[in-house]
Amino acid sequence: MEQSTKITAALISVYYKDGLEPIVRRLHADNVVIYSTGGTQAFIEALGIPVVAVESMTNYPEIFGGRVKTLHPAIFGGILHRRNLQADLDQAAQFNIPTIDLVIVDLYPFEETLASGAAHQDIIEKIDIGGISLIRAAAKNYNDVVIIPSVNQYARFQEILEANGAATTLEQRKAFARDAFMVSSHYDTHIFRYFNQQDPLPVFKESILESQPLRYGENPHQRGWFHGDFAAMFNQLHGKELSYNNLLDVDAAVQLMAEFKDNDPTFAILKHNNACGLATRSTLKQAYADALAGDPTSAFGGILIANRPIDLATAELVNDLFCEVVVAPSFDADALEVLKSKKNRILLIQKEAAMPQRQFRTLLNGVLEQDKDLLSETAADFTPRTNTVPTAQEVEDLVFANKLVKHTKSNTIILAKNGQLIASGTGETSRVDALRHAIEKAKAFQFDLNGAVMASDAFFPFPDCVEIAHLAGITAVVQPGGSIKDELSIDYCNANGVAMVFTGNRHFKH
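Residues numbered from 1 in each chain as written. Predicted model: local features only at pLDDT ≥ 70, side-chain atom pairs only at ≥ 80, totals over all residues. Heavy atoms only, no water.

Participant: Can you tell me about the sheet that holds strand E22 (residues 476-479), naming the residues and giving the values?
Facilitator: Think of a sheet as strands paired side by side through backbone hydrogen bonds, with each pair either parallel or antiparallel. Pairing is mixed across the open sheet formed by six strands, whose spatial order is E18-E23-E22-E21-E19-E20. For this open sheet the edge positions go to strand E18 (383-384) and strand E20 (421-425), each flanked by a neighbour on one side alone. Alignment of E22 against strand E23 (residues 499-502), held across four bridges, turns out to be parallel. Residue Ala476 lies in a different strand from E23, and its bridge partner there is Ala499. (Pairing = 2+ DSSP bridges. Helix = DSSP H or I, 4+ residues; strand = E, 2+ residues; numbered from the N terminus.)

Participant: Outline a negative patch on the surface, listing residues and values.
Facilitator: A contiguous patch of negative charge, built from Glu316, Asp320, Asp332, Asp334 and Glu337, is present on the exposed surface. Turning to its location among the elements, Asp320 is positioned in the loop between helix H14 (312-318) and strand E14 (323-328). We classify Asp320 as exposed; its relative accessible area is 67%. (Patch = residues over 30% accessible without salt bridge, like charges linked within 9 Å, V, L, I, M, F, W, Y side chains within 5 Å. Areas by Shrake-Rupley, 256 points an atom, 1.4 Å probe, with all protein chains shown as cover. Salt bridge = Lys/Arg side-chain N within 4 Å of Asp/Glu carboxyl O. Lys, Arg positive; Asp, Glu negative; His and termini not counted. Charge placed at Lys NZ, Arg CZ, Asp CG, Glu CD. Buried < 20%, exposed > 50% of the residue type's maximum accessible area, 1.4 Å probe, protein only.)

Participant: Describe the state of the cysteines, naming the residues involved and giving the relevant values.
Facilitator: The tally for this structure, following the rule as stated, stands at zero disulfides. Here Cys465 stays free of any disulfide, with the sulfur of Cys493 as its closest cysteine sulfur at 11 Å. Classification of Cys465 as buried rests on a relative accessible area of 2%. (Disulfide = S-S within 2.5 Å.)

Participant: I'd like a description of helix H9 (residues 154-164), backed by residues and values.
Facilitator: Regarding H9, the residues found buried are Tyr154, Phe157, Gln158, Ile160 and Leu161. End-on view of H9: buried residues confined to an arc of 160 degrees, all on one side of the axis. In this structure, H9 carries Ala155, Glu159 and Ala163 as exposed residues pointing more than 90 degrees from its buried face. Buried residues belonging to H9 abut helix H1 (21-29), strand E5 (102-105), strand E6 (146-148), strand E7 (167-169) and helix H10 (170-195). Gly165 sits one or two residues past H9 and shows a positive phi near 75 degrees. (Arc of directions from axis to C-beta. Contact = heavy atoms within 4.5 Å.)

Structure follows, in structure tokens:
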């Protein structure tokens, strides 16, 4: 059995006092000397437990408005001196430095202050100096010292105290030291990111403390985790645990529906991160029915998302489809009961939450990082390039299709008509193949392409796509433009009465 080391003296200085009382009482019961300062000292004294003021160790009061409390050799010497090194023990005795075996400390709430929109000087004052130094010192000397770096470790430490009294093993101290460096590195990362906003240094630094293991990754033989606060974005009402692939699809669904947040009732169905159905209608029930009609085959096992609360009429239609996840701003009570009839179906209420403005992915031996594609063109951003201009309905459909094309895997073509996704060609190596695939799907589901519109994520280097589209009945096109051979496509459209507008913005998605 691993040998335990008794705790004889503790330094406690925390911002948050929740959960501290039972630990303090147990330490006192085990005759541990407690050192403290400021608000923590007052808190412990209010419990009727004796405390030694840090000032009595340092012979210095708190100074500079509390900026300096524990930064003193008497404190850090008590933490850092090595108990198995006689020279250190002799120096500690020479300078009358007490031994500190336990440090309980947390950090000023920098992230919370930043998120609150506080003024710059208030944010600066929440950069912890003494606390971060105590954490690093105690963690470095984990051979002799226990470090409890945040309230998140209180429960585990309390269990150790209840099981063993005021004593810890080397393995336990090392585990707490690991946690301590996680806390300190996360804290410093967010401070750096705050200072790195203007004229940023080209470095990659991310830190997310919340994490949950997944059943597996993209495939059963791969391990997987989600790093983030899922509960801040969603309230899961029903169903099984979300998988890695579910999360990818939910993210794609949320990003897509953000484009239609303020539109009339809109419903989307996604599969493998691409929309296979989407429609905007006067009622959510009809929006769902028309989204499903876009590709009822691919909808099987898909992810559903709505921009309005799901009512009973819509839920009764949805319930006929096998789907993995349904996302909505809310669910009517009777609709919820219907949808809960499938025990594994995941039902999520989407909350208002800030989304990251940057994206990154690992590749090769590094990371790619970019700004998120936040451009969403409106009719005002369209530049007509043909003699024929689109009708009002065609303009509405072009805006609709262009939003979709932005969220579909390249190369892609979107065909739409009257606020409905008719068909798409996704992830093709050739734009011509994407178009042909879309036309083939539209015909397979009995859609009339006469009067439909086409959107492309990138320009047409040749007129073949507009020709194929025209022959299929498509009457209006939106594309970025920018090819040195744009005129070839423009000339074909002019010769055949097809309206075409340019946006000037490419929307690749890989």
